[in-house]
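Residue-level listing of the chains:
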Amino acid sequence: MTEGGCLCGAVRFVVEEFNSAIFKCHCSKCRKAFGGASSAAALAGEDAFSWLQGDERVREFQCESGFKRRFCPDCGSILPQFLPDYTLHWIPVGLLDSDPGVRLKQHIHVSSKAAWEVLDAETQQYSEGFGS
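In what follows, the accompanying structure is described. Predicted model only: the values in this text are computed from it and were never measured. The written sequence of each chain sets the order in which its residues are numbered from 1. With the structure being a predicted model, the display of local features is reserved for residues of pLDDT at least 70 and the display and counting of side-chain atom pairs for 80 or more, all residues being used for whole-chain, interface and lining totals. Each side-chain value is derived from all of the structure's non-hydrogen atoms; neither hydrogens nor water enter the calculation.

### Section: the overall build of the chain
Secondary structure summary: the chain contains one helix and 12 strands in total. Counting from the N terminus, the helices are DSSP H or I runs at least four residues long and the strands are E runs at least two residues long. Listed by position from the N terminus, the elements making up the chain come as β-β-β-α-β-β-β-β-β-β-β-β-β. With the C-alpha coordinates of the chain rotated into their principal frame, the extents come out at 40 × 30 × 25 Å. For the chain, with 132 residues in total, the buried portion stands at 42%. Within the chain, contacts between residues separated by at least 24 positions form 55% of all contacts whose residues are at least 6 apart in sequence. Counting every atom, the chain has about 7,300 Å² of accessible surface; 48% of that belongs to carbon and sulfur. Under the counting rule used here, the positive set is Lys and Arg, the negative set is Asp and Glu, and His together with the chain ends is not counted. Here the site of a charge means atom NZ of a Lys, CZ of an Arg, CG of an Asp or CD of a Glu. Separation between the mean location of the 13 positive side-chain charges and that of the 17 negative ones in the chain comes to 7 Å. Note on exposure labels: buried denotes an accessible area under 20% of the residue type's maximum, exposed denotes more than 50%, and partly exposed covers the range between, all computed with a 1.4 Å probe on protein chains only. Contacts are assigned to residue pairs that have any heavy atoms within 4.5 Å of one another. Areas reported here follow the Shrake-Rupley algorithm with a probe of radius 1.4 Å; residue values treat only the protein chains shown as occluding.

In structure tokens form, the structure reads like this:
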């Protein structure tokens, strides 16, 4: 079991088990949302995730394209979100308080990565989403 939360601590959650390894998304939307080269996340099943506190405070922003980010209204930390098409929770691993027990396995959307970013050679790379 791994707990996590936003920067200010107003929103907290727990993940009992992850369904995936960690992946980094390098799409332009994730770069803008995270303010860095990529987002690092892992997936958890619907029953393996629960909010501990502050879930009623979570705010949401959605682009016309459908790209959505949930965040803390106080500190701005990007927060987990449920992906109904997959019945999985997308968990930003930078929010976790301890080692989640999974490691980085994939870089996705590398076809749109920042020109200045250098990726490691050992991790699987996909030009678009998983398996591309």
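Moving on from the coordinates now.
### Here we look at a negative patch on the surface
Here a patch means residues that are over 30% exposed by relative accessible area and free of salt bridges, tied together within 9 Å if like-charged and within 5 Å if nonpolar (Val, Leu, Ile, Met, Phe, Trp, Tyr). One speaks of a salt bridge when a side-chain nitrogen belonging to Lys or Arg is within 4 Å of a carboxyl oxygen belonging to Asp or Glu. Where like charges cluster on the molecular surface, the negative patch consists of Glu16, Glu17, Glu46 and Asp47. As for its position among the elements, Glu16 is in the loop between strand 2 (12–15) and strand 3 (22–25). With a relative accessible area of 51%, Glu16 lands in the exposed category.

### Brief notes about the pattern of salt bridges
Considering all chains together, one arrives at six salt bridges under this definition. Here Arg12 ties to Glu3 by a salt bridge, and the two come within 3.1 Å at their closest N and O atoms. For Arg57, the salt bridge identified is with Asp74, shortest N-O distance 2.0 Å. Of this pair, Arg57 sits in the loop between strand 5 (49–53) and strand 6 (59–62) while Asp74 is found in the loop between strand 7 (68–71) and strand 8 (78–79), placing the two residues 17 residues apart along the sequence. Arg57 sits in the partly exposed class, given a relative accessible area of 28%. Owing to a relative accessible area of 51%, Asp74 belongs among the exposed residues under this scheme. Through salt bridges with shared partners, a single ionic network connects Glu3, Arg12 and Asp97.

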